[in-house]
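If you want the building blocks of each chain, they are given just below.
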Amino acid sequence: MDKPNLIDPRKLYHTGKFQKQNQDTPALQKKMRPVPDCGEETYEGSNQLENRRVLITGGDSGIGRATAIAYAREGADIALHFFPGEEKDAEEVANYIKKAGRKVVLLPYDLRKESAPKEMIERTITELGGLDTLVLNAGQQISSQSIEELPMEQVKDTFMVNIIAMFSIVKEAVPHIPAGGAIVTTTSVQATNPSEHLLDYAATKAAIANFTIGLAKQLAPKGIRVNGVAPGPIWTPLQLDGGQPLDALPEFGQDSLLERAGQPAELAPIYVFLASNKASYVTAQIYGVTGGESINL
């Protein structure tokens, strides 16, 4: 009798301590140790997103990178947004998309600029021939131990990148998204259990969760589904350019129920499902991928 293919989730990927490391902004995935697993060698598609036309923000590294690779292998063409300066990571992702036989458009935009969302949507529609799926994943996360030391300019930038730009992108995109289209946002476990050193970041993630559910109610009559993913501690470049206190980095994620940090590759199947026709009766939901931490209020 054949044995079932079971894998102990506690023993997957990197299970030990991380080495202390940091990078100047923007942090690049290829310089991380260990390099995050975004499914480059493991994700296998099954035509779940055939001929979709997708815009992914923050698609050069981490969760966005894993999602872009998975979507391309599922048959989607990708408009890949990234922060200027992250071209090396973005070009690597573009090569994976091309190897999957799909089209890719590279969109280097700073989401702190008010003109960026409109230009991104226009280029996506022009170069992909349309738009039916949004993955709103870009984020800024900078640790600050005290509100007295928290620069207001940082607060403004974090809100602009994480949630205000999300409003603007959706506003520009919705007139072009047909019934059957989907929007997937990235919120966080920080939305419901904020860390004291991530006040501005956590506040935006709570706003994203609220925005996701409210937007789903508004767009349901158009046949557009809207859902969110709430990651827990995931090993991405976001952690290395100020996202975590340097002394805390070696223990990152090891207080989860599964005793390790998650990898971007472990989230990609959720993003695929929420965009696919398999999720036809799923909207206004937040899916937690946290290693065990609750995302309930």
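Located above this text is the structure these notes cover.
Residues numbered from 1 in each chain as written. Predicted model: local features only at pLDDT ≥ 70, side-chain atom pairs only at ≥ 80, totals over all residues. Heavy atoms only, no water.

Q: What is the right way to read empty space enclosed by the protein from this model?
A: Left-over empty space is what a probe sized like a water molecule reveals as it rolls over the atoms. Summed over all chains, the structure comprises one cavity of 30 Å³ or more. Approximately 50 Å³ is the volume attributed to the largest cavity. If you go around the largest cavity, the residues you meet are Thr57, Leu111, Leu136, Asn137, Ala138, Val161, Asn162, Ala165, Met166 and Ile169. In terms of residue class, the lining of the largest cavity is built from seven nonpolar, three polar and no charged. (1 Å grid on protein atoms, 1.4 Å probe; cavity = no way out; pocket = protein on both sides within 12 Å on 5 of 7 lines; lining within 4 Å. Points joined across faces, edges and corners; volume = space filled by probe spheres on them. Nonpolar A, V, L, I, M, F, W, Y, C, P; charged D, E, K, R; others polar.)

Q: I tried to follow the packing of helix H1 (residues 62-73) against helix H2 (residues 87-99) on my own but got confused; where do I start?
A: To describe two helices that pack against each other, one gives the angle between their axes and the distance between the axes. As a packed pair, H1 and H2 sit with axes 9 Å apart at the nearest point and diverge in direction by 15 degrees. Looking at the two axes, H1 sits roughly parallel to H2. In terms of crossing hand, the pair formed by H1 and H2 is right-handed. The residues of H2 that touch H1, namely those facing Arg65, Ala68, Ile69, Ala72 and Arg73, are Asp89, Glu92, Val93, Tyr96 and Ile97. When the residues that make up the contact of H1 with H2 are grouped by side-chain class, the tally is six nonpolar, no polar and four charged. (Axes fitted to C-alpha atoms, helices over the stretch in contact; angles between N-to-C directions. Helix = DSSP H or I, 4+ residues; strand = E, 2+ residues; numbered from the N terminus. Parallel < 35°, antiparallel > 145°, perpendicular 65-115°, else oblique. Left-handed = near helix turned anticlockwise from the far one by under 90°. Contact = heavy atoms within 4.5 Å.)

Q: Is there a simple way to explain the sheet that holds strand S6 (residues 225-231) in this structure?
A: Taken in spatial order, the seven strands of this open sheet run S3-S2-S1-S4-S5-S6-S7, and their pairing is parallel. Both edges of this open sheet fall to strand S3 (104-108) and strand S7 (286-289), since each of them pairs with a single strand only. The average angle at which neighbouring strand axes cross in this sheet is 15 degrees, direction not considered. Pairing between strand S1 (residues 53-56) and strand S2 (residues 77-82): four bridges, direction parallel. Bridge pairing links Val54 to Ile78 in S2. (Pairing = 2+ DSSP bridges.)

Q: How do you make sense of the pattern of salt bridges when you look at a structure like this?
A: Two side chains with opposite charge may pair up if their charged atoms get near one another. For the coordinates displayed, the defined rule picks out 14 salt bridges. With its nearest N and O atoms 3.7 Å apart, the salt bridge here joins Arg53 to Asp132. Of this pair, Arg53 sits in strand S1 while Asp132 is found in the loop between helix H3 (116-128) and strand S4 (133-136), placing the two residues 79 residues apart along the sequence. On the basis of relative accessible area, Asp132 is assigned to the buried category, the value being 9%. (Salt bridge = Lys/Arg side-chain N within 4 Å of Asp/Glu carboxyl O. Buried < 20%, exposed > 50% of the residue type's maximum accessible area, 1.4 Å probe, protein only.)

Q: Before we go on, may I ask you to explain the packing of H3 against helix H4 (residues 152-173) in this structure?
A: Between H3 and H4, the shortest axis-to-axis distance is 8 Å and the interhelical angle comes to 40 degrees. The angle between H3 and H4 places the two elements in the oblique class. Relative to H4, H3 is oriented so that their crossing is right-handed. Here Pro117, Lys118, Met120 and Ile121 of H3 lie close against H4, whose contacting residues are Ala165, Ser168, Ile169, Glu172 and Ala173. Partitioned by chemical class, the residues of the contact of H3 with H4 number six nonpolar, one polar and two charged.

Q: What is the right way to read the environment of Glu50 from this model?
A: Position of Glu50 relative to the elements: it lies in the segment before S1. Taking C-alpha positions, Glu50 is 8.7 Å from Asp77, a pair spaced 27 residues apart along the chain. Excluding residues that lie within four positions of it along the chain, Glu50 makes contacts with Glu74 and Gly75.

Q: Any chance you could explain H3 here in plain terms?
A: Because the α-helix completes a turn every 3.6 residues, residues three or four places apart line up on one side. Its 13 residues place the ends of H3 18 Å apart at the C-alpha level, agreeing with the 18 Å of an ideal helix rising 1.5 Å per residue. Of the residues making up H3, those classed as buried are Ala116, Pro117, Met120, Ile121, Thr124 and Leu128. Down the axis of H3, the buried side of the element spans an arc of 125 degrees, and every buried residue falls inside it. Next to the buried residues of H3 lie S1, S2, S3 and H4. (Expected span 1.5 Å × (residues − 1). Arc of directions from axis to C-beta.)

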